[in-house]
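Fold and contact review
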Amino acid sequence: MDAPYAGNALTFLVQVAFGLYILILMLRVMLQLFRADYYNPLTQFVVRFTEPVLAPLRRVVPRVGQIEGGALIVMLGAQMLEFWLVLGVRGVEPSLAGLAVVAVAELLDLCTTVFFWAILIRVVLSWVNPGSRHPVSDVIHSLTEPVLAQARRALPAMGGFDLSPILVLVGLQLVNLLLIAPIRDAGRLLF
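A few points on the structure.

This part takes up helix H6 (residues 164-189). With 26 residues, H6 should reach 38 Å at 1.5 Å per residue; the first-to-last C-alpha distance of 37 Å fits that figure. Considered for burial, the residues of H6 that qualify are Ser 164, Pro 165, Val 168, Leu 169, Leu 172, Asn 176, Ile 180, Arg 184 and Gly 187. Of the surrounding secondary structure, the elements contacted by the buried residues of H6 are helix H4 (96-128) and helix H5 (135-154).

What follows is the structure, given as structure tokens:
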């Protein structure tokens with residue numbers, strides 16, 4: 001097997017493993033922040049999956065508002081470790097500061113991506129099965145409603161059409177272009 005192919009496969013496996021765990025940690029933070037139903041099966045899965053790592057940290061890391069500080073630290077550390085491993089496979093030795101800044105940018109990007117997909121799924125569900133009650137749709141509603149409600153207040157009445165998802169999706173893209181991309185680029189300069 002050729003070395004570049006093995007490196008690509010190893011990079012892929014590292015990104016999948018870390019990406020899934022970081023996504024579940026991000027969901028835990030977002031579910032706490034938006035006070036999703038703790039007894040929802042999806043919420044319970046997220047809590048049970050992340051609890052073994054976060055339980056010991058709870059004793060030493062304080063909460064940040066409604067969010068467990070340990071979850072934020074583990075997300076940042078896991079994201080930094082993922083980049084360090086991926087760049088190591090490529091033969092790049094990044095600085096700690098560069099890793100930290102790029103990791104913050106990637107976590108912000110993941111947060112906007114979760115919102116993007118949650119809003120898109122919510123819109124599609126409202127078309128195909130409006131008013132249905134399902135644990136996943138309940139969690140999606142819990143995550144998106146606070147943001148969409150703010151957007152609805154900013155929009156004038158549109159005769160029964162809810163354009164708040166479009167406004168939020170445009171806002172998320174602007175956040176990606178004007179905030180996250182410059183942070184990511186600044187971090188890469190520190191490598």
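The structure having been displayed, the exposition proceeds.
Two elements in contact, helix H2 (residues 41-58) and helix H3 (residues 69-89), have axes separated by 9 Å at closest approach and are oriented at 120°. As far as their axial angle goes, H3 and H2 are oblique. By crossing handedness, the relation of H2 to H3 is classed as right-handed. Contact residues: H2 offers Val 53, Leu 54 and Leu 57, while H3 offers Gly 70, Ala 71 and Val 74. Per-class residue counts for the contact of H2 with H3 are 5 nonpolar, 1 polar and no charged.

What the rule picks out here adds up to 5 aromatic pairs. On the basis of an interplanar angle of 90° and a centroid distance of 5.3 Å, the ring pair of Tyr 38 and Tyr 39 is categorised as edge-to-face. A relative accessible area of 44% means that Tyr 38 is categorised as partly exposed.

On to the packing of H4 against H6, then. Relative to each other, H4 and H6 sit at 165°, their axes nearing to 9 Å. Here H6 runs roughly antiparallel to H4, going by the angle between their axes. For the pair H4 and H6, the sense of crossing is left-handed. Residue-level contacts link Gly 98, Val 101, Val 102, Ala 105, Glu 106, Leu 108, Asp 109, Thr 112, Phe 115, Phe 116, Ile 119 and Val 123 of H4 to Pro 165, Val 168, Leu 169, Leu 172, Val 175, Asn 176, Ile 180, Ile 183, Arg 184, Ala 186, Gly 187 and Arg 188 of H6.

Moving on: the side chain of Arg 184. Relative to the assigned elements, Arg 184 resides in helix H6. Those residues in contact with Arg 184, other than ones at most four positions away along the chain, are Val 102, Ala 105, Glu 106 and Asp 109.

Applying the stated rule across the entire model yields 10 salt bridges. The salt bridge partner of Arg 184 is Glu 106, with a shortest N-O separation of 2.6 Å. Placement of Arg 184 in helix H6 and of Glu 106 in helix H4 is noted, with a sequence separation of 78 residues between them. Of the two residues examined, Arg 184 and Glu 106, each falls in the buried class. The residue Arg 152 makes a salt bridge to Asp 162 at a minimum N-O spacing of 3.2 Å. Pair noted here: Arg 152 is in helix H5 and Asp 162 is in the loop between H5 and H6, with a separation of 10 residues, a long-range link.

With that out of the way, let us pick up the environment of Val 29. Here Val 29 is to be found in helix H1 (residues 3-33). Note on Val 29: relative accessible area 7%, which makes it buried. Along the primary structure Val 29 and Met 75 are separated by 46 residues, whereas in three dimensions their C-alpha atoms are 9.8 Å apart.

Look at H3: 30 Å from first C-alpha to last across 21 residues, which is about the 30 Å you get at 1.5 Å a residue. Taken together, the buried positions of H3 are occupied by Gly 69, Gly 70, Ala 71, Val 74, Met 75, Ala 78, Gln 79, Met 80, Glu 82, Phe 83, Val 86 and Leu 87. Once H3 finishes, Gly 91 follows within two positions and takes phi at roughly 85°, a positive value.

Attention shifts here to the nonpolar core. If you look at the biggest cluster of nonpolar residues, it comprises 33 residues, and the most contacted ones within it are Met 26 and Ile 119. At the level of elements, H1, H2, H3, H4, H5 and H6 are the ones that each hand at least two residues to this core. If you tally residues by element for this core, the top one is H1, at 10 residues. Not counting chain neighbours up to four residues away, the residues in contact with Met 26 comprise Met 75, Leu 107, Leu 110, Cys 111 and Val 114. Core analysis: the second largest hydrophobic core is formed by 6 residues, Phe 83, Leu 87, Leu 99 and Ala 103 among them.

Basis of the calculations
Residues numbered from 1 in each chain as written. Predicted model: local features only at pLDDT ≥ 70, side-chain atom pairs only at ≥ 80, totals over all residues. Heavy atoms only, no water. Helix = DSSP H or I, 4+ residues; strand = E, 2+ residues; numbered from the N terminus. Expected span 1.5 Å × (residues − 1). Buried < 20%, exposed > 50% of the residue type's maximum accessible area, 1.4 Å probe, protein only. Contact = heavy atoms within 4.5 Å. Axes fitted to C-alpha atoms, helices over the stretch in contact; angles between N-to-C directions. Parallel < 35°, antiparallel > 145°, perpendicular 65-115°, else oblique. Left-handed = near helix turned anticlockwise from the far one by under 90°. Nonpolar A, V, L, I, M, F, W, Y, C, P; charged D, E, K, R; others polar. Phe/Tyr/Trp six-rings, centres within 6.5 Å; stacked < 30°, edge-to-face > 60°. Salt bridge = Lys/Arg side-chain N within 4 Å of Asp/Glu carboxyl O. Core = buried A, V, L, I, M, F, W, Y, C linked by side-chain atoms within 4.5 Å.

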